[in-house]
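Next come the chains, spelled out residue by residue.
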Amino acid sequence: MPSVSPPRARRALAVLTGAALLGLLPAVPAQAAPAGPDHSTDVTVPDTGWSPDPVADGVPRPPSRNVAKVKEQQRQQRRATALDAVPTGFARDGHLPRDLPPAAQPYNVNPAPVVDRGVHDSSGVRMFNFLGKTWDHPVAQAQWGLSNLAAYRLTNDPLFLQRAVANAQRNLDRRVESRGAWFYPYDFDLSRCAGRPLLRAPWYSAMAQGQLLALFAGLAEVTGDVKWRTAADNTFLSLILPATTGAPWGSWIDPNGYLWLEEYPVTFGTTGERVLNGHIFALYGVYDYWRLTGDSRAVAVFDGAASTVRRYVPNHFRVAQWASNYSMGCANPHVKYHQIHTAQTLKLYEMTWSATFAQYADLLRSDYPVPGVDANVSFSAGTHTGYTFSSTGAITGSKGLTLGRASIAHADQRIRVRGRGVHYRITNGALAGYLVPEAYGRRVLLGKAVEHVYTPTRVLSFQPGTYSGYAYDSKGTVIGSKTLTFSKASMAPLGASAWVNGRLSYQVTAGAYLGYWLPETAGLTVN
């Protein structure tokens, strides 16, 4: 197995090569707002009130068997794999992990507030309400612990560290040791979509294993306490043990030879559900374990799990011009999780520098963009029609409007209507409450929407021709432009892409177009 040295022992360089026009520089991490005349702001409104949760997409039920007895049977399973065993037998494309700065690390985000408004017990441990009592919930506890750890790194307030430790310790106290690995149980049953078997308590989730692995690794890094390193070592082992009957497991290799970190492990083989977001969140935990240890086994699992994403997203999860599927076993488009998939594939690009993942993120963004916006729509003079639609895209109402001159209205959503393209939902004026179709030159959302920042920078290729770039102020007004003609092919470092004033546009980070957005046109190619 190839190995990668620990982060502190290596350098990460990306050099742009091949052609040099526009005063090119080596590719470097992109800036959200590079120097230059552009002052446009992102008008996309993120959804901050929701996070992935394995119970949210199933129905909890009372346990249907003796949970304590089953756990004891699982504990009787002898050690089957040594702690230094190397996982093998799955496809690897060569996606090696890259060291990210603290602010960009996948779980060092969403710092917790001081006041916890969620369900928790007296120890500050996140809980789950069901059947009139509270239950332990490993993913919720892992996510809350990671959120508090992020807040502690930001503030050094011991309150946040205490909470992170409490949520981590609860899972150590509840662990089931089986085959030498540590597993963290759900003690209630969970039913899934039609045709999927019931998860019978105690059940285990690679998503929980991965997120708790990240929490243990973070606590080991922050506190230096060896018990958290021990917890991380034994939790990582749970993700490399082979799937088996009668014992907990979290990963399996599908008939095509690809590694899955299974969010809902019931049976393995072709019946595995293969949940995309849970697989990637577990991969994040493997990444954090690699950051802590430099372990070549973590590199192998990281590469295998990333290769699975590369293999299956285009043909099994992506739904062209609509929201992506939640899982392969429950192949239903899911609007909320689609945004998670989009963000995750972009993060995988940052973590691997594999351009394929940036391409996937851009495809998913185009299929179903983040719907929330807070911006004005510019209407040209002429006739416009607003619509209302059913959930299937059928027109249920319409209203016409004729303008003698250009006008402005506010929009709070930019959404894709099934089979009918992208529309703006208008909140004021004659078309308030109606959706109007996006049409460059006629109806344009002013400002910058659904921006993707590329770290490291990608490459924007120019064929011979003439290209114009534009700079905008915070209201979407053009405040500058630059037009250049090239007699031969050229390249520039690409720092970001977004819909700017209704057009997909590209922002370079060096050279003559620094600070300008170039609208997509024939002759421009992103690599």
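Within any chain, residue numbers begin from 1 and follow the written order of that chain's sequence. Given that this is a predicted model, residues contribute local features only at a pLDDT of at least 70 and side-chain atom pairs are listed and counted only at 80 or more, while totals for whole chains, interfaces and linings are drawn from all residues. Neither water nor hydrogens contribute to the side-chain values; these are computed over all heavy atoms in the structure.

A.B. asks: Break down the state of the cysteines for me, with residues and values.
C.D. replies: Count a disulfide wherever a pair of cysteine sulfur atoms falls within 2.5 Å. Taken as a whole, this structure holds 1 disulfide when the rule is applied. A sulfur-sulfur separation of 1.7 Å characterises the disulfide bridge that pairs cysteine 193 with cysteine 330. Classification of the bridge connecting cysteine 193 and cysteine 330 rests on its S-S torsion, roughly -80°, and on that basis the disulfide is left-handed. Taken together, the residues span a long stretch of sequence, with cysteine 193 in the loop between strand 6 (189-191) and helix 4 (206-223) and cysteine 330 in the loop between helix 7 (296-317) and helix 8 (335-352) at a distance of 137 residues. Relative accessible area decides the class of each residue, using a 1.4 Å probe on protein chains only: under 20% of the type maximum gives buried, over 50% gives exposed, and in between gives partly exposed. With relative accessibility at 5%, the residue cysteine 330 sits in the buried group. The helix count covers DSSP runs of H or I at least four residues long, the strand count covers runs of E at least two residues long, and both are numbered beginning at the N terminus.

A.B. asks: Provide a residue-level description of the pattern of salt bridges, including the pertinent values.
C.D. replies: Opposite charge on two side chains makes pairing possible when the charged atoms of those side chains draw close. Here, a salt bridge means any side-chain nitrogen of Lys or Arg that lies within 4 Å of a carboxyl oxygen of Asp or Glu. A full pass over the atoms with the stated rule returns 25 salt bridges. Here arginine 126 and aspartate 116 are joined by a salt bridge, their closest N and O atoms 2.6 Å apart. Separated by 10 residues along the polypeptide, arginine 126 in the loop between helix 1 (67-75) and strand 2 (127-130) and aspartate 116 in the loop between helix 1 and strand 2 bring together distant segments of the chain. What makes arginine 126 buried here is its relative accessible area of 16%. A single network of salt bridges, built from pairs that share partners, joins Lys71, Asp121, Asp136, Arg170, Arg174 and Asp187.

A.B. asks: An account of helix 3 (residues 158-174) is needed here, citing residue identities and associated values.
C.D. replies: In this scheme, a helix's expected span is set at 1.5 Å multiplied by one less than its residue total. For helix 3, spanning 17 residues, the distance from its first C-alpha to its last is 24 Å, which sits close to the expected 24 Å at 1.5 Å a residue. For helix 3, every residue scored as buried is listed here: Phe160, Leu161, Arg163, Ala164, Ala166, Asn167, Ala168, Arg170, Asn171, Leu172 and Arg174. In protein, a polar contact requires one atom able to donate a hydrogen and another able to accept it; more generally it is a pair of N or O atoms within 3.5 Å, and residues adjacent in sequence count only if both atoms are side-chain atoms. The residue sitting at the N-terminus of helix 3 and contributing the capping side-chain oxygen is aspartate 157; that oxygen lies 2.9 Å from the backbone nitrogen of leucine 159.

A.B. asks: Please provide a residue-by-residue account of the environment of isoleucine 280, values included.
C.D. replies: Topologically, isoleucine 280 is positioned in helix 6 (residues 276-293). What makes isoleucine 280 buried here is its relative accessible area of 0%. Separated by 22 residues in sequence, isoleucine 280 and phenylalanine 302 place their C-alpha atoms 9.7 Å apart. What makes two residues a contact is simply this: any of their non-hydrogen atoms within 4.5 Å. Residues within four places of isoleucine 280 in sequence aside, it is in contact with Val309, Gln344 and Leu348.

A.B. asks: Can you explain helix 2 (residues 138-155)? Please cite residues and give values.
C.D. replies: Here helix 2 is 18 residues long and its end C-alpha atoms lie 25 Å apart, about the 26 Å a rise of 1.5 Å per residue gives. The element helix 2 is extensively covered by neighbouring structure, given that 15 of its 18 residues are classed as buried.

A.B. asks: Kindly report on the pairing of strand 16 (residues 448-462), identifying the contributing residues and their values.
C.D. replies: Across the 15 residues of strand 16, 13 count as buried, placing the element largely inside the fold. Sheet analysis places strand 16 next to strand 19 (residues 490-500), joined by 9 bridges and oriented antiparallel. Each bridged residue has a counterpart across the sheet, and for valine 459 the counterpart in strand 19 is proline 493. Both strand 16 and strand 22 (residues 524-526) contribute to a ladder of 3 bridges, which runs antiparallel. Looking across to strand 22, one finds that serine 461 is bridged to threonine 525. For two strands to be treated as a pair, DSSP must find at least two bridges joining them.

A.B. asks: How would you summarise the packing of helix 8 against helix 9 (residues 355-367) if you had to cite specific residues and measurements?
C.D. replies: Helix axes are fitted to C-alpha atoms over the stretch in contact, other axes to C-alpha atoms as well, and angles between N-to-C directions run from 0 to 180 degrees. Contact geometry for helix 8 and helix 9: axes closest at 7 Å, N-to-C directions at 160°. One way to sum up the angle between helix 8 and helix 9 is to call them roughly antiparallel. When you trace helix 8 past helix 9, the crossing you get is left-handed. Judged by residue contacts, His338, His341, Thr342, Thr345, Leu346, Leu348, Tyr349 and Thr352 of helix 8 engage Ala355, Phe357, Ala358, Tyr360, Ala361, Leu364, Arg365 and Asp367 from helix 9. Gly falls in the polar group here, along with every residue not listed as nonpolar (Ala, Val, Leu, Ile, Met, Phe, Trp, Tyr, Cys, Pro) or charged (Asp, Glu, Lys, Arg). A breakdown of the residues in the contact of helix 8 with helix 9 according to their chemical character gives 9 nonpolar, 5 polar and 2 charged. Small angles under 35 degrees read as roughly parallel and large ones over 145 as roughly antiparallel, with 65 to 115 read as roughly perpendicular and the rest as oblique. For any helix crossing, the convention is left-handed if the near helix is rotated counterclockwise from the far helix by under a right angle, and right-handed if that rotation is clockwise.

A.B. asks: Can you explain the nonpolar core? Please cite residues and give values.
C.D. replies: Among buried residues, those of type Ala, Val, Leu, Ile, Met, Phe, Trp, Tyr and Cys that are joined through side-chain atoms within 4.5 Å constitute a nonpolar core. Phe216, Leu283, Ile426, Leu445 and Phe462 are the most contacted members of the largest nonpolar core, which totals 123 residues. No other element matches helix 7, which puts 11 residues into this core. Tyr472, Ala498, Val500 and Trp517 belong to the second-largest nonpolar core, a separate cluster that totals 5 residues.

A.B. asks: Which residues make up the side chain of aspartate 116, and what values go with them?
C.D. replies: On the basis of relative accessibility, which here comes to 13%, the residue aspartate 116 falls in the buried class. Side chain to side chain, aspartate 116 and histidine 120 meet in a polar contact 3.0 Å long. Engagement of the side chain of aspartate 116 in a polar contact is seen with the side chain of arginine 126, the distance being 2.6 Å. Discounting chain neighbours no more than four positions away, the residues touching aspartate 116 are Arg126, Trp144 and Arg163.

A.B. asks: Account for unusual backbone geometry, with residues named and values stated.
C.D. replies: For the bond from alanine 201 to proline 202, the omega torsion is -5°, close enough to zero to count as cis. Considering the arrangement of structural elements, one finds proline 202 in the loop between strand 6 and helix 4. With an omega of 5°, the peptide bond between threonine 455 and proline 456 qualifies as cis. Of note, asparagine 156 is a non-glycine position whose phi angle comes to about 65°, a positive value. Its location among the elements puts asparagine 156 in the loop between helix 2 and helix 3. Phi at arginine 179 takes a positive value of approximately 55°, unusual for a residue other than glycine. Mapped onto the fold, arginine 179 is located in the loop between strand 4 (176-178) and strand 5 (181-183).

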